[in-house]
Amino acid sequence: MNQVVLMGRLARDPELRRTASGTAVTSFTLAVDRRFSNRETGERTADFIDCVAWRQTGENIARFFSKGQMCAVTGSLQIRDWTDRDGNKRRSAEVVVDNFYFPESKKSREGSSYSAPAEQKRNDFDTGYTAPVTGSDFAELDEDDGDLPF
């Protein structure tokens, strides 16, 4: 079984790219705290884990997350062998993300120094994200709703 569950802060802004066929792919790095402290310094250290998300999942991660935000992901570990520009054989590990979650409440994210870009402060019904509603967004109806069952 190849199942990975991680929760950490983004070490950098997600990078959204497109393949030649137009498929979205987003790369990002999660800084995941270790469960124990360093014996010598008493400080907790973090592992920086490379992640990749494809298609709509990748587009949504790039849209809703930025550097420093807490993110939880599930997926699988993938090991890739490749050759660098100098002809050296390399190996890298990354998590292929299947699902992502917002481990912080919207209120705590808004209370942090993070500020969503203007393009995110709109309604995105396909992703479930809804911009805040103000009183001026409602209009009073003049019609009688006597046929409603409540």
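Since this is a predicted model, take the numbers as computed values, not measurements.

Caption draft 1: Quick peek at helix α1 (residues 55-64). Where α1 is concerned, the buried positions are Gly58, Glu59, Asn60, Ile61 and Phe64. Buried-residue contacts for α1 involve β2 (15-18), β3 (24-37), β4 (44-54) and β6 (89-101).

Caption draft 2: Examining the pairing of β6 more closely. Here β4 runs beside β6; their pairing, made up of three bridges, is parallel. Bridge assignment links Ala53 to a residue of β6, and that residue is Val97. Taking the residues that link successive antiparallel strands as the turn, the strand β5 (residues 70-83)-β6 hairpin has five residues, and the phi of Gly87 there is positive, at about 85°.

Caption draft 3: The pattern of salt bridges, seen in detail. Applying the stated criterion across every chain yields a total of six salt bridges. The salt bridge involving Arg91 is made with Asp81; its shortest N-O contact spans 2.8 Å. Separated by 10 residues along the polypeptide, Arg91 in strand β6 and Asp81 in strand β5 bring together distant segments of the chain. Taken individually, Arg91 and Asp81 each receive the classification exposed, so the pair is uniform in this respect. Across the salt bridge formed by Asp84 and Arg90, the nearest N and O atoms sit 3.3 Å from each other.

Caption draft 4: Looking closely at the environment of Trp54. Within the element layout of this structure, Trp54 appears in strand β4. Beyond its immediate stretch of four places on either side in the chain, Trp54 contacts Thr19, Thr23, Ala24, Val25 and Val96.

Caption draft 5: Spatial organisation of unusual backbone geometry. Not every positive phi belongs to a glycine, and Arg55 is a case in point at roughly 55°. If you trace the backbone, Arg55 turns up in helix α1. Overall, Arg55 belongs to the exposed group, its relative accessible area being 55%.

Caption draft 6: Summary view of the pairing of β4. In this sheet, β4 lies alongside β3 in antiparallel orientation, the contact comprising 10 bridges. Paired with Leu30 across the strands is Ile49, a residue of β4. Linking β3 to β4, which pair antiparallel, is a turn of six residues; within it Gly42 sits at a positive phi near 80°.

Caption draft 7: Examining the packing of aromatic side chains more closely. Going through the model one piece at a time under the given rule, you end up with four aromatic pairs. Summarising the aromatic geometry, the rings of Phe64 and Phe102 are spaced 6.2 Å apart at their centres and angled 75° between planes, so their arrangement reads as edge-to-face. In this pair, Phe64 sits in helix α1 while Phe102 sits in the loop between β6 and α2 (106-111), placing the two residues 38 residues apart along the sequence. Judged by relative accessible area, which is 8%, Phe64 ranks as buried. Judged by relative accessible area, Phe102 falls into the partly exposed class, the value being 37%. Consider the rings of Phe100 and Phe102, whose centres lie 5.8 Å apart with planes at 75°: the pair is edge-to-face. Each member of the aromatic cluster is reached from another via a ring pair, and the members are Phe64, Phe65, Phe100 and Phe102.

Cut-offs and rules
Residues numbered from 1 in each chain as written. Predicted model: local features only at pLDDT ≥ 70, side-chain atom pairs only at ≥ 80, totals over all residues. Heavy atoms only, no water. Buried < 20%, exposed > 50% of the residue type's maximum accessible area, 1.4 Å probe, protein only. Helix = DSSP H or I, 4+ residues; strand = E, 2+ residues; numbered from the N terminus. Contact = heavy atoms within 4.5 Å. Pairing = 2+ DSSP bridges. Salt bridge = Lys/Arg side-chain N within 4 Å of Asp/Glu carboxyl O. Phe/Tyr/Trp six-rings, centres within 6.5 Å; stacked < 30°, edge-to-face > 60°.

Nothing here speaks to function; it is geometry throughout.
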